[in-house]
Amino acid sequence: MQCIEYSDSDVAIFAACTAARIGEVSGVRVRDINPDTWIWTVRWQTTPGPGELMDKGTRGKPARKVPLIVEVRDLVARRLELLGSNPDARLFTGPQGGRISTAVLRDATHWDGVVTKLGYEHLRGHDLRHTGLTWMADAGVPVHVLRKIADHGSLTTTQRYLHLDVRSLTDSGLR
């Protein structure tokens, strides 16, 4: 399989802009991205297996569609161009060319040190998912659509992920 230079910032940006699980980001293949519609079909995720990371279908559910917002399209287009025509090439790989896990992302980005320095030591990589869903909600994406994007079983779960921006609350009071 072909791979391109590792960039932990690309992984973090893609995860936040798609509200995807790190295992799903690790599983993205060239064939999963439609650059005409900017839709990502989520088919795979990387999970821990006996002694290694392995790929499996997304939580036993059918593939789902996730829109790629304008802010992430240049990043995706650049990576697709670099990877060429191999439909099975991974869009993202770890620093040594392998699969990405939460631990790989945390170590490669020096996550613990960065969030501590910023005063947010409670933040985890999974919080990128919360961030992405909140950004989409702030942009006006209805919660029932967010539930499908996030692959949540209920609206209640999706609502727990959303962290409303104070400006949104203030603006809604002016209407």
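Only a predicted model underlies this, so the values are computations on that prediction, with no experimental measurement involved. (Residues numbered from 1 in each chain as written. Predicted model: local features only at pLDDT ≥ 70, side-chain atom pairs only at ≥ 80, totals over all residues. Heavy atoms only, no water.)

Draft legend 1. Spatial organisation of the pattern of salt bridges. For the coordinates displayed, the defined rule picks out ten salt bridges. Arg 79 is the partner of Asp 10 in a salt bridge, and the nearest nitrogen-oxygen pair spans 2.8 Å. One end of the pair, Asp 10, is in helix H1 (residues 8-18); the other, Arg 79, is in helix H3 (residues 70-83), and 69 residues separate them in sequence. Judged by its relative accessible area of 8%, Asp 10 is buried. Given the relative accessible area of 3%, Arg 79 is considered buried. Where Arg 31 meets Asp 88, a salt bridge forms, and the shortest distance between an N and an O atom there is 2.5 Å. Of this pair, Arg 31 sits in the loop between helix H2 (22-27) and strand E1 (33-34) while Asp 88 sits in the loop between H3 and helix H4 (102-108), and the two are 57 residues apart along the sequence. Arg 31 gets classed as partly exposed once you look at its relative accessible area, which sits at 47%. (Salt bridge = Lys/Arg side-chain N within 4 Å of Asp/Glu carboxyl O. Helix = DSSP H or I, 4+ residues; strand = E, 2+ residues; numbered from the N terminus. Buried < 20%, exposed > 50% of the residue type's maximum accessible area, 1.4 Å probe, protein only.)

Draft legend 2. View of the nonpolar core. Core analysis: the largest hydrophobic core is formed by 37 residues, its most contacted members being Phe 14, Ile 33, Trp 40, Leu 68, Val 76, Leu 91 and Phe 92. For this core, the secondary structure elements donating two or more residues are H1, H2, strand E2 (39-42), H3, helix H5 (111-117), helix H6 (127-138) and helix H7 (143-150). With six residues, H1 is the largest single contributor of residues to this core. Setting aside residues up to four positions removed in sequence, Phe 92 forms contacts with Asp 10, Val 11, Phe 14, Val 25, Ser 26, Leu 75, Arg 79 and Ile 100. (Core = buried A, V, L, I, M, F, W, Y, C linked by side-chain atoms within 4.5 Å. Contact = heavy atoms within 4.5 Å.)

Draft legend 3. Main features of the confidence of the model for the chain. With 84% of its residues at a pLDDT of at least 70, the chain reaches an overall mean of 81. When mean pLDDT is taken per element in the chain, E1 scores highest with 97 and helix H9 (residues 166-173) scores lowest with 51. (pLDDT = per-residue confidence, 0-100.)

Draft legend 4. Just the environment of Ala 63, in detail. Looking at the element boundaries, Ala 63 is found in the loop between strand E4 (52-57) and strand E5 (64-67). Judged by its relative accessible area of 46%, Ala 63 is partly exposed. C-alpha separation for the pair Ala 63 and Arg 43, spaced 20 residues apart in sequence, amounts to 4.8 Å. Those residues in contact with Ala 63 that sit more than four places away from it in its chain are Thr 41, Val 42 and Arg 43.

Draft legend 5. Structural view of the sheet that holds E2. Read from one edge to the other, the open sheet built from three strands follows the order E1-E2-E5, with strand pairing classed as antiparallel. Strand pairing shows two members of the sheet lacking a second neighbour, E1 and E5, which therefore form its edges. For E2 and E5, the ladder comprises four bridges, and the chain directions are antiparallel. For Thr 41, the partnering residue across the bridge sits in E5 and is Lys 65. (Pairing = 2+ DSSP bridges.)

Draft legend 6. Geometry of the side chain of Arg 21. As for its position among the elements, Arg 21 is in the loop between H1 and H2. A polar contact of 3.5 Å, which involves the side chain of Arg 21, links it to the backbone oxygen of Ala 150. (Polar contact = N/O pair within 3.5 Å; in protein donor to acceptor, adjacent residues only side chain to side chain.)

Draft legend 7. Seen up close, unusual backbone geometry. A positive phi angle, close to 60°, is found at Ala 19, a residue other than glycine. On the secondary structure map, Ala 19 appears in the loop between H1 and H2. Even without being glycine, Trp 38 reaches a positive phi, approximately 55°. As for its placement among the helices and strands, Trp 38 is situated in the loop between E1 and E2.

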